[in-house]
Amino acid sequence: MQAITARDRAAGPAGLSLTEEPYPHAAENDVIVRVHAAGFTRGELDWPGTWSDRAGRDRTPSVPGHEVSGTVAELGYGTTGLTLGQRVFGLTDWTRNGSLAEYVAVEARNLAPLPADIDHTVAAALPISGLTAWQALFDHGRLAAGQTVLIHGAAGGVGSLAVQLAREAGARVIGTGRAESRDTALGLGVDVFLDLQADRLEDAGQADLVIDVIGGDIGARSAALVRPGGTLIALPSPPAVHPQEGRAIFFVVEPDRARLADLAGRLREGRLRVLVGAVRPLAEAPAAFTSRGKTIIRVTEGG
């Protein structure tokens with residue numbers, strides 16, 4: 001099968017190439033997914049799991065990409081809940097070969113059924129961003145109706161979904177981003193938008209929950225915007241500065257089949273919109289690691 005492989009950690013995206021790789025093995029409780037579309041995170045080439053397995057052993061050449069949408073091609077021993085030919089989407093394991101390939105082995109519990117009327121390219125943009133947004137807002141942030149949430153990168157992959165979910169939950173939403181993102185963020189439902197290049201972050205006022213997808217100076221300054229008893233969620237890395245009278249949380253997104261199914265239902269009902277940028281073929285995936293926006297890789301047509 002064809003796959004994008006990474007062999008040189010120091011080379012970054014320049015070390016990615018399209019190669020022929022062995023068809024994956026379906027372990028117990030796995031499925032083999034025929035990949036129709038795949039999503040990736042640009043920073044994953046720096047993640048330890050891209051280069052080592054769970055035991056710390058080198059696993060290069062490795063296949064990146066941790067978001068997948070496709071059809072079930074094979075069931076491993078003991079796998080239940082899914083059927084051959086079924087449309088599915090979800091997360092691949094952090095320390096196994098990923099979705100930038102024609103086929104990928106995935107634990108069945110990490111996949112959810114994909115309704116026939118959701119395109120694979122849209123579904124492949126949902127797992128990491130959608131689950132991260134939900135878990136940040138509600139599992140860790142404990143957001144409730146009537147509260148205020150400040151969401152950095154409100155027009156980005158995680159931020160755009162967080163804005164919509166927060167609004168539907170009855171929260172007041174302050175969004176930040178670049179000036180060119182203002183109209184998109186307002187269209188998604190933010191009540192107030194701050195241009196991080198022109199406006200003072202401190203003018204946002206205090207919030208019950210701050211979701212930081214940027215880190216650095218913005219993340220450090222955001223701690224002061226958390227109300228007493230509130231929460232700062234730091235997504236890029238553990239926060240360097242904590243709120244004086246609140247919580248600071250860093251977490252790694254967890255697979256959740258039931259939540260993926262819920263998010264897909266919201267898509268079908270028009271309650272949630274996924275922002276997809278460019279859609280490129282598998283051969284162009286290495287170049288996509290250096291582009292802006294949520295790029296999805298179309299691997300197989302149809303389905």
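Definitions and limits used
Residues numbered from 1 in each chain as written. Predicted model: local features only at pLDDT ≥ 70, side-chain atom pairs only at ≥ 80, totals over all residues. Heavy atoms only, no water. Salt bridge = Lys/Arg side-chain N within 4 Å of Asp/Glu carboxyl O. Helix = DSSP H or I, 4+ residues; strand = E, 2+ residues; numbered from the N terminus. Buried < 20%, exposed > 50% of the residue type's maximum accessible area, 1.4 Å probe, protein only. Pairing = 2+ DSSP bridges. Axes fitted to C-alpha atoms, helices over the stretch in contact; angles between N-to-C directions. Contact = heavy atoms within 4.5 Å. Phe/Tyr/Trp six-rings, centres within 6.5 Å; stacked < 30°, edge-to-face > 60°. Lys NZ or Arg CZ within 6 Å of the ring centre and 35° of its normal. Parallel < 35°, antiparallel > 145°, perpendicular 65-115°, else oblique. Left-handed = near helix turned anticlockwise from the far one by under 90°. Nonpolar A, V, L, I, M, F, W, Y, C, P; charged D, E, K, R; others polar.

Chemist: Would you explain the pattern of salt bridges in this entry?
Modeler: Pairing between side chains becomes possible if they bear opposite charge and their charged atoms approach one another. Scanning the model with the defined rule gives 21 salt bridges in all. Here Glu180 and Arg292 are joined by a salt bridge, their closest N and O atoms 3.7 Å apart. Taken as a pair, Glu180 in the loop between strand S9 (172-177) and helix H4 (182-188) and Arg292 in the loop between helix H7 (285-288) and strand S15 (296-298) lie far apart in primary sequence, 112 residues in all. By relative accessible area, Glu180 is classed as exposed at 53%. In the salt-bridge network here, residues are joined through shared partners; they are Glu168, Arg259, Asp262, Arg266, Glu269 and Arg271.

Chemist: I tried to follow the sheet that holds strand S12 (residues 226-234) on my own but got confused; where do I start?
Modeler: To summarise the sheet geometry, strands pair through backbone hydrogen bonds and adopt either a parallel or an antiparallel arrangement. Taken in spatial order, the six strands of this open sheet run S10-S9-S8-S11-S12-S13, and their pairing is parallel. Strand pairing shows two members of the sheet lacking a second neighbour, strand S10 (192-195) and strand S13 (247-249), which therefore form its edges. Mean inter-strand twist for the sheet, computed between neighbouring axes without regard to direction, equals 15 degrees. Those strands touched by helix H2 (residues 127-140) are strand S8 (148-151), strand S11 (207-212), S12 and S13, and its axis lies near 150 degrees from that of S11.

Chemist: It is not clear to me how the packing of aromatic side chains should be interpreted in this structure. Could you clarify?
Modeler: The relative placement of two aromatic rings is captured by the distance of their centres and the angle of their planes. Taken as a whole and judged by the stated rule, the model has four aromatic pairs. Each ring, one from Phe40 and one from Phe289, has its centre 4.3 Å from the other, and the planes form 20 degrees; the classification is stacked. Here the residue Phe40 occupies a position in the loop between strand S3 (30-39) and strand S4 (67-75), and Phe289 occupies one in the loop between H7 and S15, the gap between them amounting to 249 residues. With respect to burial, Phe40 and Phe289 carry one shared label: buried. Lying across the ring of Trp134, Arg259 places its NZ or CZ 3.7 Å from the centre.

Chemist: I tried to follow unusual backbone geometry on my own but got confused; where do I start?
Modeler: Glycine aside, residues mostly have negative phi, and peptide bonds are mostly found in the trans state. A cis amide bond, omega 0 degrees, links Thr60 with the succeeding residue Pro61. Take Pro61: it is sitting in the loop between S3 and S4. Even without being a glycine, Asn29 presents a positive backbone phi close to 70 degrees. Of note, Asn29 is situated in the loop between strand S2 (16-20) and S3. A relative accessible area of 39% places Asn29 in the partly exposed class. In this structure, Arg142 takes a positive phi of about 55 degrees despite not being glycine. In this structure, Arg142 sits in the loop between H2 and S8. A relative accessible area of 56% places Arg142 in the exposed class.

Chemist: What exactly am I supposed to notice about the packing of H2 against helix H3 (residues 157-168) here?
Modeler: Two numbers describe a pair of packed helices, the interaxial angle and the distance between the axes. With their axes 8 Å apart at the nearest point, H2 and H3 run at an angle of 50 degrees to one another. Between H2 and H3, the angle is such that the two are oblique. As for how H2 packs across H3, the hand of that crossing is right-handed. Residue-level contacts link Ser129, Gly130, Thr132, Ala133, Trp134, Leu137 and Phe138 of H2 to Gly157, Val158, Leu161, Ala162, Leu165 and Ala166 of H3. Looking at side-chain class alone, the contact of H2 with H3 contains nine nonpolar, four polar and no charged residues.

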